[in-house]
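Coordinate inspection notes
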Amino acid sequence: MSFTPKNMVKKSTAELGYLEKKSNKDLDDKKKNAGNKNYTKYNRDLDTKGKGLLNGKKQPSDYCANLHLWLVCECLDWDLAKVRKALYLPKTEGGKPGCSAAGAKYFANYFKAKGKFDNKPEIGCPVFFDTKKKRDGTPTHVGTVVEITDKQIKTIEGNTKKLGKGGVWPRTYSKTNAKIVGYGHPKFDKETTEKPKDESAAPTKMVKATGVAEKKSEALNKTFKVKTVTADIKNTPNASSKTLCTVKKGTSLRCFGFYSVVKDVEWIFVQYIDGDTVYQGFVCGKGVS
């Protein structure tokens, strides 16, 4: 994955609802072991996969800046050299090699030092807030900008609360909100433009069952949805036969009315298109509706 605004939005959206933990347990589960002790998978991963990127152990600690940094690391597959380049993190700090300071104030200073800090929001960039009662313009909190309108910005933020639960939640602000100190502008990768798929083009590969459907019913001439966690498309109407492909819950499978009944079990002959490949085979009728 590349470090682009689109991917930052995708990654941050996937983290919505993650609750911080009360101990160093169930860190990868969004809901389990919820608490207010700042134990998170973000801090853990920066301590392990991101070791040497920041100054000292981060688990447990405030994680608003660490969440944004974690998202960048995820986009760049934890290539720390690329992360430093993208966020203008120093290779040395305080005489220590490869050891950048964490926290909103220091994070903002890296952008300021490169002239990449201003009051213009951009998708995927960090937004810095001064949340103190007596504001002096020093950042104390960080969010990720995921949407911009004429008058507002929408963010996803860690180390914030919703209904009393600390975690990763969405927020909306007026662009003129007094808490907003400014925005950092990372060095994003260039967005790649995918060539539009020619929907009229015929698939290039056909995978077809060797088994033969023995019956036909116009009532089955329709599209089915997989209702189980997964469903296997089989080579013959038999659970032990070769699996041509496996499809996930909710996948659409087209039947043109053909089916077989084996040991009182109805096997529906379906067609499933995955990219350039067409699969035709048998799926157990109990797994679709």
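Please refer to the structure placed before this passage.
Focus: the sheet that holds strand E3 (residues 117-118)
- The antiparallel open sheet is built from 6 strands, whose spatial order is E3-E8-E4-E5-E6-E7. Looking at the sheet topology across the chains shown, the edges are occupied by E3 and strand E7 (165-174).
- In this sheet, strand E8 (residues 180-184) lies alongside strand E4 (residues 126-129) in antiparallel orientation, the contact comprising 3 bridges. Within E8, the position partnered with Val127 by the bridge is Tyr183.

Quick word on helix H4 (residues 80-87)
- When we look at burial in H4, the residues that qualify are Leu80, Val83, Arg84, Ala86 and Leu87. Angularly, the buried residues of H4 cover 165° about the axis, an arc narrow enough to put them on a single face. For H4, exposure combined with an orientation more than 90 degrees from the buried face picks out Ala81 and Lys85.
- Check the buried side of H4 and you find it contacts helix H3 (64-75) and helix H5 (104-113).

Considerations on the layout of surface pockets
- One number sums up the size of the second largest pocket: a volume of about 150 Å³.
- Lys58, Ser61, Asp62, Cys64, Ala65, Asn66, Ala102, Gly103, Ala104, Thr140, His141 and Asn159 are the residues that line the second largest pocket.
- The biggest single contributor to the lining of the second largest pocket is H3, with 3 residues.
- When grouped by side-chain class, the residues that make up the lining of the second largest pocket number 4 nonpolar, 6 polar and 2 charged.

Observations regarding the side chain of Thr4
- Turning to its location among the elements, Thr4 is positioned in the segment before helix H1 (5-14).
- Excluding residues that lie within four positions of it along the chain, Thr4 makes contacts with Phe188, Asp189, Lys190 and Glu191.

Some details on the pattern of salt bridges
- A full pass over the atoms with the stated rule returns 10 salt bridges.
- The shortest N-O distance in the salt bridge between Lys41 and Glu15 comes to 3.0 Å. Of this pair, Lys41 sits in helix H2 (residues 41-48) while Glu15 sits in the loop between H1 and H2, and the two are 26 residues apart along the sequence.
- We note a salt bridge from Asp45 to Lys49, for which the minimum N-O separation is 4.0 Å.
- Since its relative accessible area comes to 7%, Asp45 is described here as buried.
- We classify Lys49 as partly exposed; its relative accessible area is 42%.
- Through salt bridges with shared partners, a single network forms among Lys11, Asp28, Arg44, Asp45, Lys49 and Glu74.

Calculation criteria
Residues numbered from 1 in each chain as written. Predicted model: local features only at pLDDT ≥ 70, side-chain atom pairs only at ≥ 80, totals over all residues. Heavy atoms only, no water. Pairing = 2+ DSSP bridges. Helix = DSSP H or I, 4+ residues; strand = E, 2+ residues; numbered from the N terminus. Buried < 20%, exposed > 50% of the residue type's maximum accessible area, 1.4 Å probe, protein only. Arc of directions from axis to C-beta. Contact = heavy atoms within 4.5 Å. 1 Å grid on protein atoms, 1.4 Å probe; cavity = no way out; pocket = protein on both sides within 12 Å on 5 of 7 lines; lining within 4 Å. Points joined across faces, edges and corners; volume = space filled by probe spheres on them. Nonpolar A, V, L, I, M, F, W, Y, C, P; charged D, E, K, R; others polar. Salt bridge = Lys/Arg side-chain N within 4 Å of Asp/Glu carboxyl O.

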